[in-house]
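Given next are the chains, with one letter for each unit.
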Amino acid sequence: MTSNHDLDPIEPEEAIEMYLDERRHEVAESTLQSHRYRLNQFLRWCEGEEIENLNNFSGRDIHRFRVKRRDEDGLATTTMRGQLATLRIFLRFCASIDAVQPGLDEKIILPTVTADDARDEMLPQAKATEVLRHLEQYRYATVEHALLLVLWHTGVRIGAAVGIDEDDYNEEDQYLALVHRPESGTPLKNKAEGERLVAINDKVCSVLNDWLEVNHPGVTDEDDRKPLFASRFDRMSINRARSLTYEYTRPCVYDGGCPHDRDIEDCEAATSRRPFACPSSVSPHPIRRGSITYHLEEDTPDRVVSDRMDVSEKILERHYDKRSPEVKLNQRRRYLPE
């Protein structure tokens, strides 16, 4: 067994950068972004625990990190599983560079995700309406308003949304073109098969028009493309887009209250640096799940939802459809003969 004396001292931040650099040529950019985001949460925890050398990281530390993310941060089971799965791969890499004890990754036990867990975390239509009403009133035609409106209305994945160019927006025919462009860093999950035209309505077009005309910074990215969703200097990153969804789905932002009985002035989630620490805030995927469920509840045919959101009808039923059995029954009843 390797002793701590055989390990090379290394700070968590350096180890994470080495890991991401190693994985850069092995996985899609969207996967790399997800790993970076999850490991940033681990890095912040290490900083809070004053862990400056991974050589001393142990199974007990894994347990403490797990408890913190599960109980204090309130992660859903599916989110928790993704967090720990990434940490396990990272620790396996760390063992290969003599940063942690070999086999430490095997001490991570992934939580079991049931069918209910997989379908549980979502942004319901009522909350989405409140969030968008707040943005329209106080942040009209800003990038966060335009982005969250498009995410809710179309149900597209966050990677697809940030990959949209200005030229992909057709105001006259009211649609957004989703195009697979892996050579310039904006691939679609299902590659060329995921390319499609997504219809949008008058409201979305109006907000996009005002965003482009008034607040868009007018930047081009490193591939000389003009992104629809942009920061001051470049195309909006997936990490930044994810942060915005966490930030504006906190109840204290859109209704001024806290359902968790926290003192907002002292709450760590009330800052722009840690909006994900709010148990009620959500990442982009629950917005997608909520949008899909709302489309289904409004009697949009499964096939239409499948094509629009680029998800098979089998996966739609298993992971996204959150309608109750009673709602499904009443919807089927409408199509039965007298």
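A. Region of interest: empty space enclosed by the protein. With the rule as written, the count across this model stands at three cavities of 30 Å³ or more. Of the voids in this model, the largest cavity is the one considered here, and its volume is about 90 Å³. If you go around the largest cavity, you meet 14 residues; those closest to its centre are Cys252, Cys258, Cys267, Ala269 and Cys278.

B. Up close: the sheet that holds strand S1 (residues 169-170). Strand order in this open sheet of three strands is S1-S2-S3, and the pairing throughout is antiparallel. Of all the strands in the sheet, the pair left with one neighbour each is S1 and strand S3 (196-199). Here strand S2 (residues 175-178) runs beside S3; their pairing, made up of four bridges, is antiparallel. Each residue of the ladder has a partner; that of Tyr175, found in S3, is Ala199.

C. Representation of the layout of surface pockets within the structure. Space inside the second largest pocket adds up to approximately 150 Å³. Lining the second largest pocket, in full, are Gln125, Ala128, Thr129, Leu132, Trp152, His153, Ser291, Tyr294, His295, Glu298 and Thr300. Of all the secondary-structure elements, those providing two or more residues to the lining of the second largest pocket are helix H6 (125-138), helix H7 (143-154) and helix H12 (284-297). Among the elements that line the lining of the second largest pocket, the one with the most residues is H6, at four residues. The class makeup of the residues in the lining of the second largest pocket is four nonpolar, six polar and one charged.

D. Seen up close, the packing of H12 against helix H13 (residues 302-309). Between H12 and H13, the least distance of the axes is 10 Å, while the angle of their chain directions is 155 degrees. Between H12 and H13, the interaxial angle falls into the category roughly antiparallel. As for the relative orientation of H12 and H13, their crossing is right-handed in sense. In this structure, H12 uses Arg288, Ser291, Ile292, His295 and Leu296 to contact H13, whose residues at the interface are Asp302, Val305, Arg308 and Met309. The residue inventory of the contact of H12 with H13, partitioned by class, reads four nonpolar, two polar and three charged.

E. Layout of the packing of aromatic side chains. For the structure on display, the rule yields 12 aromatic pairs. The interplanar angle of 20 degrees and the centroid separation of 6.3 Å between the aromatic rings of Phe42 and Trp45 together place this pair among those described as stacked. Separated by three residues within a single helix, Phe42 and Trp45 lie in helix H2 (residues 29-48), roughly one turn from each other. For Phe42, a relative accessible area of 1% translates into the label buried. For Trp45, a relative accessible area of 8% gives the class buried. Grouping aromatic residues by their ring pairs yields a cluster made of Tyr19, Phe42, Trp45, Phe57, Phe65, Phe90 and Phe93. Residue placement shows Arg242 over the ring face of Tyr37; its charged tip is 4.9 Å from the ring centre.

So, how was this worked out
Residues numbered from 1 in each chain as written. Predicted model: local features only at pLDDT ≥ 70, side-chain atom pairs only at ≥ 80, totals over all residues. Heavy atoms only, no water. 1 Å grid on protein atoms, 1.4 Å probe; cavity = no way out; pocket = protein on both sides within 12 Å on 5 of 7 lines; lining within 4 Å. Points joined across faces, edges and corners; volume = space filled by probe spheres on them. Pairing = 2+ DSSP bridges. Helix = DSSP H or I, 4+ residues; strand = E, 2+ residues; numbered from the N terminus. Nonpolar A, V, L, I, M, F, W, Y, C, P; charged D, E, K, R; others polar. Axes fitted to C-alpha atoms, helices over the stretch in contact; angles between N-to-C directions. Parallel < 35°, antiparallel > 145°, perpendicular 65-115°, else oblique. Left-handed = near helix turned anticlockwise from the far one by under 90°. Contact = heavy atoms within 4.5 Å. Phe/Tyr/Trp six-rings, centres within 6.5 Å; stacked < 30°, edge-to-face > 60°. Buried < 20%, exposed > 50% of the residue type's maximum accessible area, 1.4 Å probe, protein only. Lys NZ or Arg CZ within 6 Å of the ring centre and 35° of its normal.

Coordinates in, geometry out; function isn't part of it.
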